[in-house]
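Commentary on secondary and tertiary structure
Okay, here's what each chain looks like letter by letter:
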Amino acid sequence: MRLIAVVFLLLLAVIQYPLWLGKGGWLRVWELERQLTQAQGRNDKLKERNSKLESEVMDLKTGTDSVEERARFELGMIRKDEIFVQVLDPNSTLPAPPIPAAPAVSTKAAVPVKTPATTPAKKNH
């Protein structure tokens, strides 16, 4: 009787092995479900990215607003009647701006201009 119980337990263990550790076992199914969830998450992110790119392409094809925006931010372009003002952070580590070239020498004689700083002050006596 004891031998039959041992044989049944051994057969039960042999039958359970493919269920848990075999090719189509529970552990493999759980791993595949985890991989599927990760792949679906990546696909969702890529679908969102694709829709943004598609809307940007449509905007570039039909409107000029996005072209103007890109020209302003990527190329630093401004309109004809606009004034460009750039505010620099004093703590930034940007290199110093280049020194402009010396102005071309004019053949016309310079005319002195009187300014309040060069005008002599009148004394009251």
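Structure: see above.
Description of the structure in this document. (Residues numbered from 1 in each chain as written. Predicted model: local features only at pLDDT ≥ 70, side-chain atom pairs only at ≥ 80, totals over all residues. Heavy atoms only, no water.)

Geometry of a packed helix pair, given as the angle between the helix axes and the separation of the axes. Interhelical geometry of helix 1 (residues 2-21) versus helix 2 (residues 26-62) gives an angle of 5° and a closest axis separation of 4 Å. For the element pair helix 1 / helix 2, the angle class is roughly parallel. In this structure, helix 1 contributes Leu19, Trp20 and Leu21 to the contact, and helix 2 contributes Trp26, Leu27 and Trp30. Class assignment for the residues of the contact of helix 1 with helix 2 results in six nonpolar, no polar and no charged. (Axes fitted to C-alpha atoms, helices over the stretch in contact; angles between N-to-C directions. Helix = DSSP H or I, 4+ residues; strand = E, 2+ residues; numbered from the N terminus. Parallel < 35°, antiparallel > 145°, perpendicular 65-115°, else oblique. Contact = heavy atoms within 4.5 Å. Nonpolar A, V, L, I, M, F, W, Y, C, P; charged D, E, K, R; others polar.)

Applying the stated criterion across every chain, the model contains one aromatic pair. Look at Trp26 and Trp30: their rings are 6.4 Å apart centre to centre, the planes differ by 40°, and that puts the pair in the tilted class. Here Trp26 and its partner Trp30 are both found in helix 2, four residues apart, which amounts to about one turn of the helix. (Phe/Tyr/Trp six-rings, centres within 6.5 Å; stacked < 30°, edge-to-face > 60°.)

Below, the discussion takes up a nonpolar patch on the surface. There is a patch of nonpolar side chains on the surface, built from Tyr17, Leu19, Trp20, Leu21, Trp26, Leu27 and Trp30 and spanning about 750 Å² of accessible area. The leading source of residues in the nonpolar patch is helix 1, at four residues. By the secondary structure assignment, Leu21 is in helix 1. (Patch = residues over 30% accessible without salt bridge, like charges linked within 9 Å, V, L, I, M, F, W, Y side chains within 5 Å. Areas by Shrake-Rupley, 256 points an atom, 1.4 Å probe, with all protein chains shown as cover. Salt bridge = Lys/Arg side-chain N within 4 Å of Asp/Glu carboxyl O.)

Per the counting criterion, the structure on display carries five salt bridges. Between Glu48 and Lys52 there is a salt bridge, with its nearest N and O atoms 3.6 Å apart. Separated by four residues within a single helix, Glu48 and Lys52 lie in helix 2, roughly one turn from each other. Judged by its relative accessible area of 46%, Glu48 falls in the partly exposed class. The closest approach of N and O atoms between Arg79 and Glu68, which form a salt bridge, is 2.5 Å. One end of the pair, Arg79, is in the segment after helix 3 (65-75); the other, Glu68, is in helix 3, with eleven residues separating them in the sequence. Among the residues examined, Glu68 registers a relative accessible area of 27% and is labelled partly exposed. (Buried < 20%, exposed > 50% of the residue type's maximum accessible area, 1.4 Å probe, protein only.)

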